[in-house]
Amino acid sequence: MRRHRIAAALAAATVAAGTAFTLAAHAGASAAVGAAALSSNWYASAPYLMPQSNNPPDPVTVMSATGQKAFQLAFILAPNGGGCSPTWDGTSAVSSDTTVANVISRIRAAGGDVSVSVGGYGGTKLGQTCSTPAATAAAYQQVIDKYGLRAVDFDLEEPEYENDAAINNELGAAQILQRNNPGLFVSVTMPGTAAGTGWFGTQLLDKSKSLGFTPNNFSIMPFDGGFSGAASQTSALEAFHSLLMSHLGWDSATAYAHEGFSGMNGKTDVSEYFTQADFQTVLDYATSHGLGRFTFWSVNRDRACTTTTDNGVCSNVTQNDWDFTKFTARFAGATPPVTTTPPTTPPPTSTTPGSCAVAAWSATTAYNGGAVVSYNGHKWTARWWTYGDTPGGAAGVWVDNGAC
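Residues numbered from 1 in each chain as written. Predicted model: local features only at pLDDT ≥ 70, side-chain atom pairs only at ≥ 80, totals over all residues. Heavy atoms only, no water.

Asks: How do you make sense of the sheet that holds strand β14 (residues 372-375) when you look at a structure like this?
Replies: By way of backbone hydrogen bonds, the strands of a sheet pair with one another, either parallel or antiparallel. In spatial order, the strands read β14-β15-β17; together these 3 strands make up an open sheet with antiparallel pairing. For this open sheet the edge positions go to β14 and β17 (398-403), each flanked by a neighbour on one side alone. Put simply, the sheet's adjacent strands are angled 30 degrees from each other on average, direction ignored. Pairing between β14 and strand β15 (residues 378-382): 4 bridges, direction antiparallel. In the sheet register, V373 faces β15, and the bridge partner there is W380. (Pairing = 2+ DSSP bridges. Helix = DSSP H or I, 4+ residues; strand = E, 2+ residues; numbered from the N terminus. Axes fitted to C-alpha atoms, helices over the stretch in contact; angles between N-to-C directions.)

Okay, structure coming up:
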């Protein structure tokens, strides 16, 4: 699942930790001192946030505006030059880090906490460079100790996702960390398809079973793969639920409880669009079926585009800042503060009113693929589902059928 700004090593996923656990056996146990342990639903709701790139927002500001208490910080990778030691984005050694540590301290001081995402789409993963599951686990243990973590996510994507030895290292490491850190909740996130997940995803499930490894959560990312709107995502989640039952031998309730959704807010890398209404639909599905996780990529993108359309730092859909983060807060059981929508002046629907027989395009209407509208005296047909994309605009959603 390709994500925007691969050079910044994108990807993510997170999951939950329940009650506080003891890290006294590890050198970094003091890192957790003073940090409140959140309930598991908060870690399961933690949206992704890149603390060092993609124009990171102030997490405390986001917490105040949304009620969100936990964030999934991304991403831990192998050093760009190779080796089996953890870094942020392949460039900043965890061992000497102060920048992310200060971000974590501020979040905890405000009553929140963090999980950390390892892996992702871009960069080199520790599972690719470490020689064994034990060596991989030792590298990740440094991260847990450094920051006093209660939750870790393994985001397993291309090309590591297709490398059996690397996946064996990652899943084996996850199992070791789960065993050596009582109470640590571990999530595994993988690409999503219309069938739930692809061949490599089912191989991953089979390998987990063969290892005897049961994470708290398996999540899929139903975006960047021919998805269009919430219905396609809930369908994929239902298909994945069936795969969890068939490959892991779980009953329906157990499969739902170990299943998670990891979405992408607004415009995706391949120009799929997921609006607030789509997130509400998937949230309703997740809560009604008892899913174990609901998160998205990313808080860095959870704001309207104003001076830029860079998909790494804004959503490219109409929104108030932090609209999508409020859905994760709701999943955790919080009631987000009310946001007053600022007044906007929508673009004119047509410069030649009444000249076309079809309805005028509206900036506040969602259109399915094949929808026909009029705008500026021309007829336009939507290529795919769209919301807020002006006919003739840079998104290329609308086909110009010529003058009315």
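Asks: I'm lost on the state of the cysteines in this one. Help?
Replies: Here a disulfide denotes a covalent bond joining the sulfur atom of one cysteine to the sulfur atom of another. A full pass over the atoms with the stated rule returns 2 disulfides. One disulfide in the model links C84 with C130; its S-S distance is 1.9 Å. Of note, the bridge from C84 to C130 carries an S-S torsion of about 100 degrees and is right-handed in sense. With C84 in the loop between β2 (70-77) and β3 (87-88) and C130 in the loop between α4 (126-129) and α5 (133-147), this pair connects stretches of sequence that are 46 residues apart. Sulfur-sulfur distance for the disulfide between C305 and C314 comes to 2.0 Å. Classification of the bridge connecting C305 and C314 rests on its S-S torsion, roughly 95 degrees, and on that basis the disulfide is right-handed. (Disulfide = S-S within 2.5 Å.)

Asks: Just checking my understanding: could you explain the packing of helix α6 (residues 164-180) against helix α7 (residues 199-211) for this structure?
Replies: The geometry of a pair of packed helices is captured by two quantities: the angle between their axes and the separation between those axes. Here α6 crosses α7 at 50 degrees, and the two axes come no closer than 10 Å. With respect to each other, α6 and α7 are oriented oblique. The way α6 lies across α7 gives a crossing that is right-handed. Contacts between α6 and α7 involve D164, I167, N168, L171, G172 and Q175 on the former and, on the latter, L204, K207, S208 and L211. Looking at the contact of α6 with α7 residue by residue, the classes come out as 4 nonpolar, 4 polar and 2 charged. (Parallel < 35°, antiparallel > 145°, perpendicular 65-115°, else oblique. Left-handed = near helix turned anticlockwise from the far one by under 90°. Contact = heavy atoms within 4.5 Å. Nonpolar A, V, L, I, M, F, W, Y, C, P; charged D, E, K, R; others polar.)

By themselves, these observations are geometric and do not establish any function.
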